[in-house]
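Per-entry structural report
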Amino acid sequence: MGGFLPPAERRSSALLGLYVALSLLLLLIGDRLPQSGPRGVGAWIFAPFDRVVLSLDRAAAAWRDNRELHQRIAELEIENARLRLQGIENDQLREQLGLRTYRNYALKPVEVLALSGEPVPSAATLSAGAHQGVHEGDVVVTRDGLLGRIGESYPGLSRAVLLTDLNSAVACEVESTGVLGVLRFTSTPYPRLVLTGVPLSDTVRVGERVVTSGLSRRYPRAIPVGQVRRVGPDPTGLVQDIEIEPAARVSRIRHAFVIPHPAPAEDQP
Amino acid sequence: MKQIGALLTVVVVTLLLRSTALSALAARGVVLDVLAFAVTIWALRNGETWGSTCGFFLGLAADFDAAHWLGRHALALALMGYAVGRLGRTLVRDSARTQLVVLFICTLLHQAWCAAFSFGGAEGAVVTGMRILISAAVTAPAGTLILGVVRRVTGHPLFSHAHLDAKS
């Protein structure tokens, strides 16, 4: 082959032959050769370049992250400002519509002098009456939740009708879903609080909190009442039978608080 | 000496690109065959002697970077450099179409050769075939585009015409 080729081409052909022979030799016996030495040299040569490229790569990544985080912060700040404005606007609108805004009630502490009712107490005698500013219709609560309302007021004493009274009815809602119902006490088949009037189509789950709905003229909104203990179909099959575990422990109360004149929403200007 | 320095620079830059920026692309399934690209361009520009030399040493360096099959890249790239260098005498090397076709074929052959060493049977044949095709289909236009940009930036052709070379 080399005889009829020009010298330059002969040289390149020979060189190629050498490379091919070396490559084939390496393919055949390369795995048996010690490679850690050449690889170490390669790593030593390339390490500074790799570091430079890696630094550039990291700088680029940091720059990208920084930009994304700045954008996220800006978005959150805008959202926060918007929510703050909406909160103020909501308060103003509720005020203009004459709706009650959420506020802390003035609590008047009272002592529970006596409990009456069997087997579950249904009424309590309180240590404050009309002279102390406690009037009929005032709401009675404990630190855990709703207890009842003042049914009768005397000069120095008052009598509270508890949730466990058979004639008590409290308009309530399930806190997380807004499902409405009326809380009543029933003694059949055993004494218990039941959220009545809840259609079968409404979803209520065990453990959900129940609060006053504010739809009642007697109780302000969002006072804790209890927690759903059991859910099942009513014997009539028309509504749900939802048993409530009361937030306030009726049989163990010694002290309570009266919320004087809890004006219902309809009475607001 | 100047040629050797340039060759070393090409080897270093190519291997750096391969192990950094392009490895991220490769992890996403797009293998830009920078080895084939570098050898092809070097061979088109400098002829078969330098083409095969560049291919052999670049391939050898890439082989040392890998764990197995020492000589795999060296053999393929040396042959490729020689073949492209020889072909370069008869081709219009500054033509974008020529560059596109040559890069496509070279990448296809190099990737197919490399894939043969890790071929896992008929089950993976379609996937491997697709990978080879994607690699060639990406490397060829990307390489041609880069050459076009370099030519535009430098303001003069990267490769002289074949008949002018022959006269000189």
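This is a predicted model, so every value here is computed, not measured.

Moving on: the overall build of chain B. The helix and strand inventory of chain B stands at 8 helices and 0 strands. Put simply, chain B runs from its N terminus to its C terminus through helices and strands in the order α-α-α-α-α-α-α-α. The buried share of chain B, taken over its 168 residues, is 42%. Relative to all contacts within chain B whose residues are 6 or more apart in sequence, the contacts with residues 24 or more apart total 69%.

A count of helical and extended segments in chain A gives 2 helices and 12 strands. The linear arrangement of helices and strands in chain A, starting from the amino end, is α-α-β-β-β-β-β-β-β-β-β-β-β-β. Sequence separation of 24 or more characterises 54% of the internal contacts of chain A that already satisfy a separation of 6 or more.

On to the sheet that holds strand 11 (residues 240-246) of chain A, then. Residue and element names in this part refer to chain A. Read once around its circumference, the closed barrel built from 6 strands follows the order 6-7-8-11-10-9, with strand pairing classed as antiparallel. The sheet shows a mean angle of 45° between the axes of neighbouring strands, taken without regard to direction. With 3 bridges joining them, strand 9 (residues 209-212) and strand 10 (residues 224-233) adopt antiparallel strand pairing. Note that in strand 10 the partner of V211 across the bridge is P224.

What follows deals with the environment of G42(A). Residue position: G42(A) is located in helix 2 (residues 36-97). Among the residues examined, G42(A) registers 15 C-beta atoms within 10 Å and is labelled partly exposed. The residues contacting G42(A), other than those within four sequence positions of it, are A61(B), F64(B) and D65(B).

The next thing to look at is the sheet that holds strand 3 (residues 139-141) of chain A. All names here are of chain A. A barrel is described by the order of its strands in space; here 6 strands give the closed sequence 1-2-5-4-3-12, paired in antiparallel fashion. Within the sheet, the average angular offset between the axes of one strand and its neighbour, ignoring direction, is 40°. Pairing of strand 4 (residues 146-153) with strand 5 (residues 158-162) involves 5 bridges; the strand directions are antiparallel. The residue of strand 5 that forms the bridge with R149 is V161.

Glancing now at the nonpolar core. The biggest cluster of nonpolar side chains holds 42 residues, and the ones touching the most others in it are L35(B), A38(B), V39(B), L58(B), L77(B), A78(B) and M80(B). For this core, the secondary structure elements donating two or more residues are helix 1 (7-29) of chain A together with helix 1 (2-19), helix 3 (34-46), helix 4 (48-65), helix 5 (72-87), helix 6 (96-117) and helix 7 (125-154) of chain B. Residues contacting M80(B), with those up to four places away along its chain left out, are A36(B), V39(B), G55(B), C106(B), L109(B) and H110(B). In this structure, V134(A), V139(A), C172(A) and F185(A) belong to the second largest nonpolar core, which totals 34 residues.

Residue and element names in this part refer to chain B. As a packed pair, helix 3 and helix 4 sit with axes 7 Å apart at the nearest point and diverge in direction by 160°. Regarding the angle of helix 3 to helix 4, the classification is roughly antiparallel. Remark: the crossing between helix 3 and helix 4 carries right-handed chirality. Residues L35, A38, V39, W42, A43 and N46 of helix 3 form the contact with helix 4, whose participating residues are E48, W50, G51, C54, G55, L58 and A62.

Taken together, the contact between chain B and chain A spans 22 residues of the former and 21 residues of the latter. Every element with two or more residues in the side of chain B that touches chain A is listed here: helix 1, helix 4 and helix 5 of chain B. Looking at which element gives the most residues to the side of chain B that touches chain A, the answer is helix 4 of chain B, with 8 residues. When its residues are assigned to classes, the side of chain B that touches chain A shows 13 nonpolar, 6 polar and 3 charged.

All names here are of chain A. The phi torsion at A222 lies on the positive side, around 70°, for a residue other than glycine. With respect to the secondary-structure elements, A222 resides in the loop between strand 9 and strand 10. The exposure class assigned to A222 is partly exposed, which follows from the 13 C-beta atoms found within 10 Å.

Because an α-helix packs 3.6 residues into every turn, residues spaced three or four apart end up facing the same way. Residue and element names in this part refer to chain B. Taking 1.5 Å as the rise per residue, helix 7 with 30 residues should run 44 Å; its terminal C-alpha atoms sit 43 Å apart, in good agreement. Among the residues of helix 7, I132, S135, A136, T139, A140, G143, T144 and L147 are the ones counted as buried. The elements touched by buried residues of helix 7 are helix 3 and helix 6. One or two positions beyond helix 7, positive phi appears at G155, with a value near 85°.

We now examine the environment of D241(A). Residue and element names in this part refer to chain A. As for its placement among the helices and strands, D241 is situated in strand 11. With 17 C-beta atoms counted inside 10 Å, the residue D241 sits in the partly exposed group. Along the primary structure D241 and P199 are separated by 42 residues, whereas in three dimensions their C-alpha atoms are 9.5 Å apart. In this view, D241 contacts V194, G232, P233 and D234; residues no more than four positions away in its chain are not counted.

Residues and elements named next belong to chain B. For the pair helix 4 and helix 5, interaxial distance at closest approach is 7 Å and the crossing angle is 160°. The orientation of helix 4 with respect to helix 5, classified from their angle, is roughly antiparallel. By crossing handedness, the relation of helix 4 to helix 5 is classed as right-handed. On helix 5, the residues touching E48, G51, S52, C54, G55, F56, L58, G59, L60, A62 and D63 of helix 4 are R72, H73, A74, A76, L77, A78, M80, G81, Y82, V84, G85 and R86.

Bringing the pairing of strand 11 of chain A into the picture now. Residues and elements named next belong to chain A. What you see with strand 11 is a clean split: Q240, I242, I244 and P246 sit on the buried side and D241, E243 and E245 on the side with no burial. Across 3 bridges, the pairing between strand 8 (residues 192-196) and strand 11 is antiparallel. In the strand pairing of strand 11, L195 is matched with I242. Bridge count between strand 10 and strand 11: 7 bridges; the pairing is antiparallel. Opposite V228, over in strand 11, you have I244 as the bridge partner. Counted along the chain from strand 10 to the antiparallel partner strand 11, the turn is 6 residues long, and its residue G237 has a positive phi close to 80°.

Analysis parameters
- Residues numbered from 1 in each chain as written.
- Chains lettered and ligands numbered in written order.
- Predicted model: local features only at pLDDT ≥ 70, side-chain atom pairs only at ≥ 80, totals over all residues.
- Helix = DSSP H or I, 4+ residues; strand = E, 2+ residues; numbered from the N terminus.
- Buried ≥ 20, exposed ≤ 12 C-beta atoms within 10 Å, placed from the backbone.
- Contact = placed C-beta atoms within 7 Å.
- Pairing = 2+ DSSP bridges.
- Axes fitted to C-alpha atoms, helices over the stretch in contact; angles between N-to-C directions.
- Core = buried A, V, L, I, M, F, W, Y, C linked by C-beta atoms within 7 Å.
- Parallel < 35°, antiparallel > 145°, perpendicular 65-115°, else oblique.
- Left-handed = near helix turned anticlockwise from the far one by under 90°.
- Nonpolar A, V, L, I, M, F, W, Y, C, P; charged D, E, K, R; others polar.
- Expected span 1.5 Å × (residues − 1).

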